[in-house]
Amino acid sequence: MDYIFETKDLTYSYNSRQEKPSLDSVNVKIRKGARTAILGANGAGKSTLFYHFNGIFKPASGEVLYMGNPLDYSREALSVLRTDISVVVQNPDEQIFSATVEDDVAFGPMNAGLERSEVEKRIQESLFKVGMEEYRSRPTIQLSYGQRKRVALAGALATDPKVLILDEPTAGLDPQMSQEVIELVEQLCVAGTTVIISTHDVDLAYSWADEIHVLRGGHLIYSGEPEPFFDDHVGVASAGLVMPHTFSINSSVQRIRGNPAAPHPRTNSQILCKMLPGGSRTGKIRLVPVKDSIPEVPGGGVPRGVYGSRVRRLFREGGSEPDYHFNAIECCLMEAVNGRDSVLFVDDSMKDRVLEVIGAMDRFGKRIEVVL
Ligand SMILES: Nc1ncnc2c1ncn2[C@@H]1O[C@H](COP(=O)(O)OP(=O)(O)OP(=O)(O)O)[C@@H](O)[C@H]1O
Ligand SMILES: [Mg+2]
């Protein structure tokens, strides 16, 4: 099994006066390429764990392994490590040091010794991805909290890391931007980046993660697929968490009907599929992979969604407005479940992933026809 990170009996205290360590003998194994969420209540130790992954903190005892090798805490080794791993910390003020937005985003690529033209490209692309391209010359001090959070993320994206670690990436962001962050993260996962996020947003973790690791009071209390964890009411409550909405609605409905709760839907469209009568009509999704330009699509009048930052940019440059900017796969699936057709424009690189997501509806009792 390929683990990107592994900790062995990782123990850490911020100071000697602490009664209990902030991390206590944590043995966590994070799979390469898995969509991973670290869950836990306030103070559970999520951020403390993240500071160990890029060597900012050194364990009081135990060790941290990256790709099977114990971290080397020498200055040179750490600077090499940090070209692979980018951590976006919870509080953007700990991350943003430059006077202007563009200088801040340029910092990582410049440090990596990239050519000026490549740095310029990275600045433009990453600011676009977080919706901050218009703020490029702004002093960072004049930004709102959420805007600083976006700039911190852009800075990490600009370094094109192998591993992206995001501490509470959506906290403080507006709902559209939260969904865009998840979409960005999805694109990175498809491109082979390992993404690890920490969150206490159980709905986010449940809809996105392949694997969760749950911390409680500095202890790791669960590692694995989300369902068995959320099925244990007592465990969830003792971790200071709550059940995700989709999980609890599904459990209630299946209990009322006397059906098994599995397979567990993770999205609203999946729940609806499970609840709808067998013979009800579903709509088709016309999937349009986009490379360099938006192709003409026959049959107007049906809702159009966009998924992926390239197609989003092309739409904006072309001055046309899609019906679904955000969470577009789910929006088109909802149309389909409601018996209506839709068109979904996706970045070419995301096509297989989108087909996989649409195909997953089969498990919930509805086949959604895709027209390519
Ligand atoms: N700078 C610090 N000095 C002393 N103790 C600290 C410091 N930072 C965190 N702690 C303690 O370490 C424990 C773990 O904190 P940590 O910030 O890792 O939690 P978290 O899971 O990230 O919480 P949150 O959801 O609030 O971000 C907490 O008990 C906290 O009080
Ligand atoms: Mg934290």
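1. Considerations on the pairing of strand S12 (residues 285-290)
Relative to strand S14 (residues 342-347), S12 runs parallel, the two sharing 6 bridges. Paired with Arg286 across the bridge in S14 is Val343. Pairing analysis gives 2 bridges linking S12 to strand S15 (residues 370-371), with the strands arranged parallel. By the bridge assignment, Arg286 is partnered in S15 with Val371.

2. Here's the deal with the packing of helix H4 (residues 116-129) against helix H5 (residues 145-158)
Running from N to C, H4 and H5 point in directions that differ by 135 degrees, and their axes come no closer than 8 Å. Classed by the angle they form, the pair H4 and H5 counts as oblique. H4 and H5 meet at a crossing whose hand is right-handed. Residues Arg122, Ile123, Ser126, Leu127 and Lys129 of H4 lie in contact with H5, whose contacting residues are Ala154, Leu157 and Ala158. Along the lines of polarity and charge, the residues of the contact of H4 with H5 split into 5 nonpolar, 1 polar and 2 charged.

3. Quick word on the site of ligand 1
If you check the shell around ligand 1, you find Tyr14, Ser22, Gly40, Asn42, Gly43, Ala44, Gly45, Lys46, Ser47, Thr48, Gln90 and His200 and nothing else. Each residue belonging to the shell around ligand 1 can be placed in one class, and the counts come to 2 nonpolar, 9 polar and 1 charged.

4. So, the domain arrangement of the protein
Split into domains, the protein comes out as domain 1 (3-238) and domain 2 (285-371). Domain 1 and domain 2 are separated by 29 Å when their C-alpha centres are compared. Listed as interface residues are 11 residues of domain 1 and, on the opposing side, 10 residues of domain 2. Taken together, the elements giving at least two residues each to the side of domain 1 that touches domain 2 come down to H4 and helix H6 (175-190). The leading source of residues in the side of domain 1 that touches domain 2 is H6, at 8 residues. Its residues placed into classes, the side of domain 1 that touches domain 2 shows 4 nonpolar, 3 polar and 4 charged.

5. A closer look at the nonpolar core
Grouped together as the largest cluster of nonpolar side chains are 64 residues, with contacts concentrated most on Ala37, Leu39, Val105, Leu153, Ala154, Ile165 and Ala205. Here this core takes 7 residues from H5, the largest share from any one element. Counting 26 residues, the second-largest nonpolar core is a separate cluster that includes Cys273, Tyr324, Met361 and Ile368.

6. Describing the sheet that holds S15
Taken in spatial order, the 4 strands line up as S13-S14-S12-S15 in an open sheet, and their pairing is parallel. Either end of the sheet is taken by a strand with one partner, and the two such strands are strand S13 (304-307) and S15.

7. Structural notes on the environment of Pro228
Relative to the helices and strands, Pro228 is located in helix H8 (residues 226-230). A sequence separation of 145 residues divides Pro228 from Thr83, and the C-alpha atoms of the two residues are 36 Å apart.

8. Some points on the sheet that holds strand S11 (residues 219-224)
Strand order across the open sheet formed by 6 strands is S7-S8-S9-S4-S10-S11, with mixed pairing between neighbours. Because the sheet does not close on itself, it has two edges, and the strands there are strand S7 (85-88) and S11. The sheet shows a mean angle of 15 degrees between the axes of neighbouring strands, taken without regard to direction. For S7 and strand S8 (residues 163-167), the ladder comprises 4 bridges, and the chain directions are parallel. In the strand pairing of S8, Val88 is matched with Leu166. Its contacts with the sheet place helix H1 (residues 46-53) against strand S4 (36-39), S7, S8, strand S9 (194-199) and strand S10 (211-216), and it is angled at close to 155 degrees to S8.

9. Observations regarding helix H13 (residues 328-337)
Most of H13 is tucked away: 8 of the 10 residues are buried. Those residues of H13 that fall on the buried side of the exposure criterion are Ala328, Ile329, Cys331, Cys332, Leu333, Glu335, Ala336 and Val337. Structurally, H13 contributes buried residues whose contacts are with helix H11 (268-275), S12, S13, S14 and helix H14 (351-359). Phi turns positive, to about 85 degrees, at Gly339, one or two residues after H13.

10. With respect to the packing of helix H10 (residues 245-257) against H11
Across the interface, H10 lies against H11 with an axial gap of 10 Å and an inter-helix angle of 10 degrees. One element, H10, and the other, H11, form an angle in the roughly parallel class. Judged by residue contacts, Thr246, Ile249, Asn250 and Val253 of H10 engage Asn268, Ile271 and Met275 from H11. The residue inventory of the contact of H10 with H11, partitioned by class, reads 4 nonpolar, 3 polar and no charged.

Analysis parameters
Residues numbered from 1 in each chain as written. Chains lettered and ligands numbered in written order. Predicted model: local features only at pLDDT ≥ 70, side-chain atom pairs only at ≥ 80, totals over all residues. Pairing = 2+ DSSP bridges. Helix = DSSP H or I, 4+ residues; strand = E, 2+ residues; numbered from the N terminus. Axes fitted to C-alpha atoms, helices over the stretch in contact; angles between N-to-C directions. Parallel < 35°, antiparallel > 145°, perpendicular 65-115°, else oblique. Left-handed = near helix turned anticlockwise from the far one by under 90°. Contact = placed C-beta atoms within 7 Å. Nonpolar A, V, L, I, M, F, W, Y, C, P; charged D, E, K, R; others polar. Near = placed C-beta within 6 Å. Domains from an automatic or database assignment. Core = buried A, V, L, I, M, F, W, Y, C linked by C-beta atoms within 7 Å. Buried ≥ 20, exposed ≤ 12 C-beta atoms within 10 Å, placed from the backbone.

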